[in-house]
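# Examination of the molecular architecture
Given next are the chains, with one letter for each unit.
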Amino acid sequence: MDAQGRGRADDIDPADQWVLNPNTGDYELRLPPSAPQSGVPSPRRPPAPAGAPPARGRRDAGGRRDAGSRTDAPGRPRPETPGRGAPPRRRRGAPEEPLPGRRGRRPAKKAAKGKKVLLWTGGAMAFVLVAGAGAAYFYIEHLNNNIASVSDDGASTGGFQKDKAINILLIGTDKRTGKGNENYGDAGSVGHADTTILLHVSKDRSNATALSIPRDLIVDVPDCPTTQEDGSQKIIPGTQKVRFNTSLGQDGRTPSCTMRTVTELTGVKPDNFMVADFNAVKTLTSAVGGVEVCLGKDIDDPDSHLKLSKGTHTIEGEQALAFVRTRHAVGFGGDLSRIGLQQQFLSALMRKLKSNDTLTSPSKMLDLAEAGTKALTVDSQLDSIGKLKDLGLELGKLNTKNLTFTTTPVIDNPAEKVKSTVVLNESTAPQVFDMIKNDVSFTAVKDKKKKEAAAVAARLKGSKAPASEVRVRILNGGADPGSAQETLSWLQVEEGVTKSENAGNAPAELAKTTLEYAPDQADQARRLADIMGLSGSAMKPGESVENAQGLPAMTLTLGKDFKGAGASLTAPSKAPEGVQKSTADKVECAE
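These notes cover the structure that comes with them. (Residues numbered from 1 in each chain as written. Predicted model: local features only at pLDDT ≥ 70, side-chain atom pairs only at ≥ 80, totals over all residues. Heavy atoms only, no water.)

Opposite charge on two side chains permits them to pair, given that their charged atoms come into close proximity. Evaluation of the coordinates by the stated rule reveals 16 salt bridges. Asp216 is the salt-bridge partner of Arg243, the closest N and O atoms lying 3.0 Å from each other. Linking Arg243 in strand β14 (residues 239–243) with Asp216 in the loop between β10 (208–213) and β11 (218–221), this pair joins segments that are 27 residues apart in sequence. Residue Arg243 is classed as partly exposed on the basis of its relative accessible area of 32%. Given a relative accessible area of 14%, Asp216 falls into the buried group. Residues Lys374 and Glu370 are paired through a salt bridge, measuring 3.5 Å at the closest nitrogen-oxygen approach. With a gap of four residues between them, Lys374 and Glu370 both fall in helix α9 (residues 362–375), about one helical turn apart. Taking the relative accessible area as the measure of exposure, Lys374 reaches 56% and is therefore exposed. (Salt bridge = Lys/Arg side-chain N within 4 Å of Asp/Glu carboxyl O. Helix = DSSP H or I, 4+ residues; strand = E, 2+ residues; numbered from the N terminus. Buried < 20%, exposed > 50% of the residue type's maximum accessible area, 1.4 Å probe, protein only.)

Printed below as a string of structure tokens:
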């Protein structure tokens, strides 16, 4: 009998049967005492006749089916506590063991319990979607069947990694599928990228940035190799100077094409994508009992069907969907105003997901798991509850006060008389993209990280040798072909670094440009860093090498981040002036 079927005859809420074990910090299934069981084992199930179809089995954490899954009754999987094997068989005639956690043991410390519960939020930091999936992995078999996946078509990095920064592309479509959604806008929409957020989580998990990409931003959509329903591959031709939202749905484009478009636009290659339709907002807000939002004025928007008075309100279901869809009644009445409203809503939802009211309620966690997995369409690298759980645990380490919401800097399209689209603000957008690529936080970081940054920056401080005394060998470690020779010519002719030489290709490619030097070459390294615009993190104290004359020289390896001779490689340390941003821990009222 499954977890949702237990206790129904006695009008017992199944959620109340999930109890926190104080000794382990885990929620476990607790059943009311039953009648004594027979000491005679039940007969084994006879083998299936030859040619009979295999019984439907469960999936493991990786999404694989086990056709031999045991059941207690037809069609109902045997419940097992996650992370443990099946309970040991009680000896014939032996008395029942008391339930775990009721033997008078000293309860665990509150701090440990709190930490355990916090990790239970799983995907809370991936907003609406990963939260439920990461939190409720205790019935994996059922949740795996809820998740839909499509191919990433080679557009991703191959999936997130625990020891690296994480970039997840979150896409909300305007497809009107699902109960009650046929009356919203274009009922025949193919499902464009209506709301898109690039979520970047730092390598050390101390901070994150949620970058909204306006749907009306003019971009170039690249050619997109796309897997068809029959498994064949088709290249969907790209289009130039079109709205960003057409990167999904238009001409049969899938989320992998949106992923390629984001890479072209920002220079950041996402690890995974997640897609949700209108039902995600409705079901997830209802699962947590609603979220609290704030309005700075009365709103009555007939287009989105939102009617709320000034002040705070708890919204869920259809009303929550109306809230994130409204735009004519807030700000300037356009998509950029709606983005701000959506960011406020996501912040509120995240605060609710992280609250004790949600974390300590098994019924809400179960509902959240159901809603989250049913709302998801994920890429083929993230297609099981086990993978979502791993991602959720990584994202759950983040504090909401260090999650910054911001929007891609744009300006009105100068080519239009009637303004309906936007283009990149070339003076600020590149700096925002560089901050994400270089894992730079948009919020103030803890003292520990400040000290680490100060130690790296100290490598740039001190005396600098004359350019004519700098000896360096230049290697191409992932930059464009010819970059080493281009840099050599620039250094010798324009910067006076005459003791430099082209050493060819590096033995391996590097993501970032580095300069390795011996301790007695620090003054030379500081001069070359100053000339090339290298950051302290690019300077690697190490050993010198011999140049063609047999003299000690430094090694400059041009990485994939190299932008050309004379282009600075120093990443921005803060967001450019004028870029609007907010953090998830603060309550803001929509105007």
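The next thing to look at is the packing of aromatic side chains. For the structure on display, the rule yields one aromatic pair. A centroid spacing of 6.4 Å and a plane angle of 40 degrees characterise the contact between Phe323 and Phe345, whose relative ring orientation is tilted. Of this pair, Phe323 sits in helix α6 (residues 317–325) while Phe345 sits in helix α7 (residues 335–354); the two residues are 22 residues apart in sequence, bridging distant segments of the chain. For the pair shown, Phe323 and Phe345 are each scored as buried. (Phe/Tyr/Trp six-rings, centres within 6.5 Å; stacked < 30°, edge-to-face > 60°.)

Another point: empty space enclosed by the protein. Per the counting criterion, the structure on display carries four cavities of 30 Å³ or more. Approximately 40 Å³ is the volume attributed to the second largest cavity. Together, Asp194, Thr195, Thr196, Ile197, Ser212, Ile213, Ile339 and Gln342 line the second largest cavity. Those elements giving two or more residues to the lining of the second largest cavity turn out to be β9 (193–201), β10 and α7. By residue class, the composition of the lining of the second largest cavity is three nonpolar, four polar and one charged. (1 Å grid on protein atoms, 1.4 Å probe; cavity = no way out; pocket = protein on both sides within 12 Å on 5 of 7 lines; lining within 4 Å. Points joined across faces, edges and corners; volume = space filled by probe spheres on them. Nonpolar A, V, L, I, M, F, W, Y, C, P; charged D, E, K, R; others polar.)

Further remarks concern the nonpolar core. Counting residues in each nonpolar core, the largest one holds 54 residues, and the members touching the most others are Met274, Val291, Ile315, Phe323, Phe345, Leu391 and Leu403. If you tally residues by element for this core, the top one is α7, at seven residues. Counting 30 residues, the second largest nonpolar core, distinct from the first, contains Ile171, Met259, Leu265 and Phe442. (Core = buried A, V, L, I, M, F, W, Y, C linked by side-chain atoms within 4.5 Å.)

Let us look at the side chain of Asp301. Along the chain, Asp301 turns up in strand β17 (residues 299–301). At 2.5 Å, the side chain of Asp301 and the side chain of Thr326 are in polar contact. Dropping the residues within four chain positions of it, Asp301 is found in contact with Leu306, Thr326, Arg327, His328 and Ala329. (Polar contact = N/O pair within 3.5 Å; in protein donor to acceptor, adjacent residues only side chain to side chain. Contact = heavy atoms within 4.5 Å.)

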